[in-house]
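Understanding the architecture of this molecule
Single-letter residue listing:
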Amino acid sequence: MNLSIADNLKHVQAQIEMACRAAGRPVGRVRLLAVSKTWGPEAVRAAHAAGQTAFGENYIQEAVDKITALQDLPLEWHCIGPIQSNKTRLVAEHFDWVHSIDRLKIAQRLSEQRPAHLPPLQVCIQVNVDGGETKSGVSPQELPALAQAVAALPRLQLRGLMTIPEPAETDEQMRAVHRQAKQLSEALRQQGLPLDTLSMGMSADLAAAIAEGSTMVRVGTAIFGKR
Ligand SMILES: *Cc1c(COP(=O)(O)O)cnc(C)c1O
């Protein structure tokens with residue numbers, strides 16, 4: 001077993017607990033998504049042996065090879081990277097979750113291609129809260145219409161929002177982005193969408209994201225090492 005991965009996981013879990021306590025939130029309401037992109041099946045096996053079950057991947061073909069190699073384990077796979085139209089079938093057939101929905105066309109294809117024997121694909125809409133030029137994600141203005149349309153698709157279950165803040169100068173700037181994501185999520189809930197997931201917070205902004213209501217943090221390097 002890979003001891004450093006087990007130790008790293010313990011350390012990240014402790015950070016999450018500490019951030020929950022500091023924020024006055026119940027420990028156990030924030031899930032850890034272990035981002036295993038670029039790492040092979042053995043690293044995922046080591047993390048699973050240490051108790052981790054949810055894994056995040058960016059590159060579809062790489063992920064499908066890994067998922068296939070690890071079919072003997074009860075793992076939950078999350079797609080967190082951009083999806084081209086020609087990759088939707090692979091995603092619909094192999095993943096449990098998608099965090100990076102930002103176009104209706106992709107969501108429609110995923111819904112059409114989700115195999116009947118699998119539960120609905122669990123999805124989050126990626127929102128570009130701070131207007132970063134280089135990122136994907138729907139704008140806050142376009143979010144309500146996209147959310148209603150995605151929620152109506154039969155083979156998808158809309159669970160919440162995902163955001164990737166630009167690196168900011170200060171903690172307060174980061175927190176402002178997280179807070180805005182939380183507010184957007186609350187506004188959608190008031191429109192009747194039963195959202196329960198806020199996928200936000202990575203190594204650098206984990207505590208700030210948890211303070212503002214994150215329910216899922218995505219951590220790669222701190223668990224598996226430098227890519
Ligand atoms: C790679 C990635 C992460 C994890 O980043 P680390 O710096 O390795 O912790 C989280 N979220 C997304 C969307 C990513 O692409």
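Nothing here was measured: the structure is a model prediction, and the numbers come from that model. (Residues numbered from 1 in each chain as written. Predicted model: local features only at pLDDT ≥ 70, side-chain atom pairs only at ≥ 80, totals over all residues. Heavy atoms only, no water.)

Relative to the assigned elements, Thr215 resides in the loop between α8 (206-211) and β8 (216-219). Apart from the residues within four sequence positions on either side, Thr215 is in contact with Arg25, Arg29, Val30, Arg31, Asp196, Thr197 and Leu198. (Helix = DSSP H or I, 4+ residues; strand = E, 2+ residues; numbered from the N terminus. Contact = heavy atoms within 4.5 Å.)

Another aspect to go through is the UniProt feature "modified residue: N6-(pyridoxal phosphate)lysine" (unreviewed entry) in the protein chain. Within this numbering scheme, the UniProt entry marks Lys37 as carrying the feature "modified residue: N6-(pyridoxal phosphate)lysine" (unreviewed entry). By the element assignment, Lys37 lies in the loop between β1 (31-35) and α2 (41-49). Of the residues examined, Lys37 reaches a relative accessible area of 15% and is grouped as buried. Contacts of Lys37, omitting those with residues within four sequence positions, involve Gly56, Glu57, Asn58, Tyr59, Glu62, Lys66 and Arg227. (UniProt positions renumbered as here; feature names shortened; annotations may be inferred. Buried < 20%, exposed > 50% of the residue type's maximum accessible area, 1.4 Å probe, protein only.)

This part takes up the site of the ligand. Surrounding the ligand, one finds Val35, Lys37, Asn58, Ile80, Ile164, Met202, Ser203, Arg218, Val219, Gly220, Thr221 and Arg227. Contact distances for the ligand include 2.8 Å between an oxygen atom and a side-chain N or O atom of Asn58. Taking Ser203, its side chain carries an N or O atom lying 3.2 Å from an oxygen atom of the ligand. Starting from 390 Å² of accessible surface for the ligand in isolation, the protein chains cover 87%. The cavity that encloses the ligand is the largest pocket. (Near = heavy atom within 4 Å. Polar contact = N/O pair within 3.5 Å; in protein donor to acceptor, adjacent residues only side chain to side chain. Areas by Shrake-Rupley, 256 points an atom, 1.4 Å probe, with all protein chains shown as cover. 1 Å grid on protein atoms, 1.4 Å probe; cavity = no way out; pocket = protein on both sides within 12 Å on 5 of 7 lines; lining within 4 Å. Sits in = over half its atoms within 2 Å of the grid points.)

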